[in-house]
Amino acid sequence: MKIVKELFLYIKQPVYTGESLSPKLKHIKDLSVLFLLSYLVKIIWVLTVSKWIKENFEISRNTITNGQNSANGMLEFFLTAVIFAPLIEELIFRYFLKGKKIIIFLLAGFALSALTFWMVKQFSFTDLHLKRIVLVISLLLPLAAALYFYYGYRESSALNSIFVRYFPFSYYTSVFVFGLVHLPNFSGTSNYLLFLPLIIPQLLSGFIYGFARMKYGMWANIMLHASSNMVTFVLDAVLKI
């Protein structure tokens, strides 16, 4: 189909688009095709490659909640997997793809905060209170610096041109980081390389969600993500398949 061909061409050569298409009924048809494509590949992969790896290396999938068999557990599972996870993950991994400066600066600030926090944590402090103060500063200072530079350079067009030029890097990074954060879904071995083939469905979804984000807008990738998790919820928690 046309939309599938467009998707693969986009994955091969991502292009920044400042404006998304206005929501229309025909877009639901395209999104349905993308959803079926991603879920078909996911099911095939899970039943073949993933199943073989899990059986031969005793890898298990971690559950979102330990009480899925109870009514409260099912509700918690549903709210987490179908509502909160798609919304939060799409905001984190796809919202910035449109290149809004405030988001770029905030992401840079959070990244620097995490890095400085980790570096400071490696040092030994004789005074516990001093260590806590320094750790708080290591978190807040980079974020404050990011906001300071944002307000200083928000009128500059240089950042926009850089973001557009290196947009493929942002697109691919969002896909691979999205895949990697799903590694903790699995356990059973200390060889984490064996987990990498298990996140192929998430990587494919990342490509599709990013494409939907740029072409149609945030509503599209959130809807795709929520729909995928809904089917997984029904198969996994309700039907026990």
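See the structure printed just above.
The rules behind each value
Residues numbered from 1 in each chain as written. Predicted model: local features only at pLDDT ≥ 70, side-chain atom pairs only at ≥ 80, totals over all residues. Heavy atoms only, no water. Patch = residues over 30% accessible without salt bridge, like charges linked within 9 Å, V, L, I, M, F, W, Y side chains within 5 Å. Areas by Shrake-Rupley, 256 points an atom, 1.4 Å probe, with all protein chains shown as cover. Salt bridge = Lys/Arg side-chain N within 4 Å of Asp/Glu carboxyl O. Helix = DSSP H or I, 4+ residues; strand = E, 2+ residues; numbered from the N terminus. Axes fitted to C-alpha atoms, helices over the stretch in contact; angles between N-to-C directions. Parallel < 35°, antiparallel > 145°, perpendicular 65-115°, else oblique. Contact = heavy atoms within 4.5 Å. Nonpolar A, V, L, I, M, F, W, Y, C, P; charged D, E, K, R; others polar. Polar contact = N/O pair within 3.5 Å; in protein donor to acceptor, adjacent residues only side chain to side chain. Expected span 1.5 Å × (residues − 1). Buried < 20%, exposed > 50% of the residue type's maximum accessible area, 1.4 Å probe, protein only.

Peer 1: Could you clarify how one ought to interpret a nonpolar patch on the surface in this entry?
Peer 2: Together, Leu75, Leu79, Ile83, Phe84, Leu87, Ile88, Leu91 and Ile92 make up an exposed nonpolar region whose accessible area comes to about 690 Å². Considering the arrangement of structural elements, one finds isoleucine 88 in helix H3 (residues 71-93).

Peer 1: Teacher, can you tell me more about the packing of helix H1 (residues 2-12) against helix H8 (residues 200-215) here?
Peer 2: Any two packed helices are characterised by how steeply their axes cross, that is the angle between the axes, and by the distance between the axes. The N-to-C vectors of H1 and H8 enclose an angle of 100°; their axes lie 10 Å apart at closest approach. Classified by the angle between their axes, H1 and H8 sit roughly perpendicular to one another. For the pair H1 and H8, contact is made by Ile3, Glu6, Leu7, Tyr10 and Ile11 and by Phe207, Ile208, Phe211, Met214 and Lys215, respectively. Residues belonging to the contact of H1 with H8 are distributed by class as follows: eight nonpolar, no polar and two charged.

Peer 1: Whenever I open this one, the side chain of arginine 94 confuses me. Can you help?
Peer 2: Its location among the elements puts arginine 94 in the loop between H3 and helix H4 (101-121). A polar contact is formed between the side chain of arginine 94 and the side chain of glutamate 90, at a distance of 2.7 Å. Excluding anything up to four places from it in sequence, arginine 94 contacts Glu89, Ser174, Phe178, Gly206, Tyr209, Gly210, Arg213, Met218 and Asn221.

Peer 1: Can you walk me through helix H5 (residues 128-153) in this structure?
Peer 2: Every α-helix winds through 3.6 residues per turn, so residues three or four apart in the chain are directed the same way. Between its first and last C-alpha, H5 extends 38 Å over 26 residues, near the 38 Å set by a 1.5 Å rise per residue. Buried within H5 we find Leu135, Ser138, Pro142, Leu143, Ala146 and Tyr150. Of the surrounding elements, those touching the buried residues of H5 are H4. Between the side-chain oxygen at the start of H5 and the backbone nitrogen of histidine 129 there is a gap of 2.9 Å, and the oxygen is on aspartate 127.

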